[in-house]
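# Observations on the three-dimensional arrangement
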Amino acid sequence: MKIKGIYILFLAFLLASCADRKSQEPVVTPWGEVGDSIDTGAGFDLDEIQTSGEMILLTLSGPEFYYDYHGRSLGTQYLLAEKFAASLGVRLRVEVCRDSAEMADRLQAGEADIMASTEVGRLVASPDKEELVQELQQWYRPSLLEEVRQQEAYLMSSRSVKRRIFSPMLDRKGGIISRYDGLFQQYSRTIRWDWRLMAAQCYQESTFDPQATSWAGAIGLMQIMPQTADHLGLPRDQMTNPEQNIAAAARYLGELEHTFSDISDRRERTRFVLAAYNGGAHHVRDAMALCQRDGHNAHQWHAVAGYVLKLAEASYYNDPIVKHGYMRGSETVDYVQKIMERWEAYRGVKTPHHGFTQEPRKARREQNKYKL
């Protein structure tokens, strides 16, 4: 039965199921008819959820449901559930299911509190949680769906990134790419990269702004996430320090080089490393698995890039061979292409014999300001 204007619950079912737990008559749920056996989670209602500090959401992978984007969870249904969890003062834990049948089975078994409906804009609460159902009903308003969609659109736009725009070449005539050339030269040697490639990547990340921040929380010249900084041993209060940020990025690139060490061609491996830096190594590996399955060379970026793009399509990100779901692949493919093109443009810049760029006096003073 459809309740007009309510996109979040099948209220008739929920209220009926809560009114008489002992009734032997079957009830109609979003996943079909069941008897009175949906009692696994009984006793763990709103108060217990708030006491535990956590609400569990079952969802699917996909742009309308849930996906990871640069370390930030997104998806229309996820953002809706996140807002509801925030209204309760609890964190939201996500469990990604393979399909709607698995979601329904797990919700029925009491393994979660709410689930995303296959009809976008609906959240379905576990039917035995009467207080949670009532809270959800009171909290929801039809405009929320449009609000979360606008929020996601903003986060995907360049307006959400705070950075100053610098020229891709500080001094073209003098052969100076940036005021941080010396640092790129120093730390790129530790991973045997051309320093100009690292400079090209830095421009793509932050346009050489050490104070750049993204909506997802990435910070500094090389846009490092706080969690990644912790892993790399970069103190959070040093994330805007150019030398510390570049040094940490070099360590991370070195880790990714090792992750893709099975790709013997160095130039090909570079493209995979860049893709992983942007979109996550796990998504790149998913694309490689699809590529190999279809009989293509999974160690050539031009072949794998097509599958990175396909990970935005349900028929691919729901394929059993894919372990990490949906990916905004177009951004990653564009990221790799732009860096490689900029690197080609930078390769005409010669490296000074002493390893550090002779910068204009003002630029040199600016770099010295950040030295430890």
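Keep in mind it's a predicted model, so treat the numbers as computed, not measured.

### Let's talk about helix α4 (residues 100-108)
Regarding α4, the residues found buried are M103, A104, R106 and L107. Buried residues along α4 sit in contact with β3 (54-59), β6 (91-96), β7 (114-116) and β8 (123-125). The residue sitting at the N-terminus of α4 and contributing the capping side-chain oxygen is D99; that oxygen lies 3.3 Å from the backbone nitrogen of A101. Just downstream of α4 lies G110, where phi reads positive at about 80 degrees.

### A short note on the pairing of β3
Counting buried positions along β3 gives six out of six residues, so the element sits mostly inside the fold. Sheet topology places β3 next to β6; six bridges connect them, and they run parallel. What sits directly across from T59, in β6, is V96. In this sheet, β7 lies alongside β3 in parallel orientation, the contact comprising two bridges.

### Some words on the packing of helix α12 (residues 281-293) against helix α13 (residues 301-310)
Across the interface, α12 lies against α13 with an axial gap of 8 Å and an inter-helix angle of 110 degrees. In terms of orientation, α12 lies roughly perpendicular with respect to α13. Between α12 and α13 lies a crossing whose hand is right-handed. Here V284, A287, M288, L290 and C291 of α12 come into contact with α13, specifically with A303, V304, Y307 and V308. A class-by-class count of the residues in the contact of α12 with α13 yields nine nonpolar, no polar and no charged.

### Brief notes about the sheet that holds β3
In space, the four strands of this open sheet follow the order β6-β3-β7-β8, with mixed pairing throughout. Two strands in the sheet have a free side with no partner beyond their single neighbour: β6 and β8. Ignoring which end each strand starts from, the neighbouring axes of this sheet average 30 degrees apart. Against the sheet, α4 touches β3, β6, β7 and β8, its axis set at about 170 degrees to β7.

### Description of the pattern of salt bridges
The full count for this structure, using the stated rule, is 21 salt bridges. R293 is the partner of D319 in a salt bridge, and the nearest nitrogen-oxygen pair spans 2.6 Å. Note that D319 is positioned in the loop between α14 (314-317) and α15 (329-346) and R293 in helix α12, a separation of 26 residues in sequence. Accessibility expressed as a relative area gives 16% for D319, which makes it buried. The shortest N-O distance in the salt bridge between E344 and R347 comes to 3.2 Å. Looking at E344, the relative accessible area reads 40%, which means it is partly exposed. With relative accessibility at 39%, the residue R347 sits in the partly exposed group. Taken together, the salt bridges that share partners define one network made up of E54, R91, R93, E95, E102, R106 and E111.

What counts, and where the lines are drawn
- Residues numbered from 1 in each chain as written.
- Predicted model: local features only at pLDDT ≥ 70, side-chain atom pairs only at ≥ 80, totals over all residues.
- Heavy atoms only, no water.
- Buried < 20%, exposed > 50% of the residue type's maximum accessible area, 1.4 Å probe, protein only.
- Helix = DSSP H or I, 4+ residues; strand = E, 2+ residues; numbered from the N terminus.
- Contact = heavy atoms within 4.5 Å.
- Polar contact = N/O pair within 3.5 Å; in protein donor to acceptor, adjacent residues only side chain to side chain.
- Pairing = 2+ DSSP bridges.
- Axes fitted to C-alpha atoms, helices over the stretch in contact; angles between N-to-C directions.
- Parallel < 35°, antiparallel > 145°, perpendicular 65-115°, else oblique.
- Left-handed = near helix turned anticlockwise from the far one by under 90°.
- Nonpolar A, V, L, I, M, F, W, Y, C, P; charged D, E, K, R; others polar.
- Salt bridge = Lys/Arg side-chain N within 4 Å of Asp/Glu carboxyl O.

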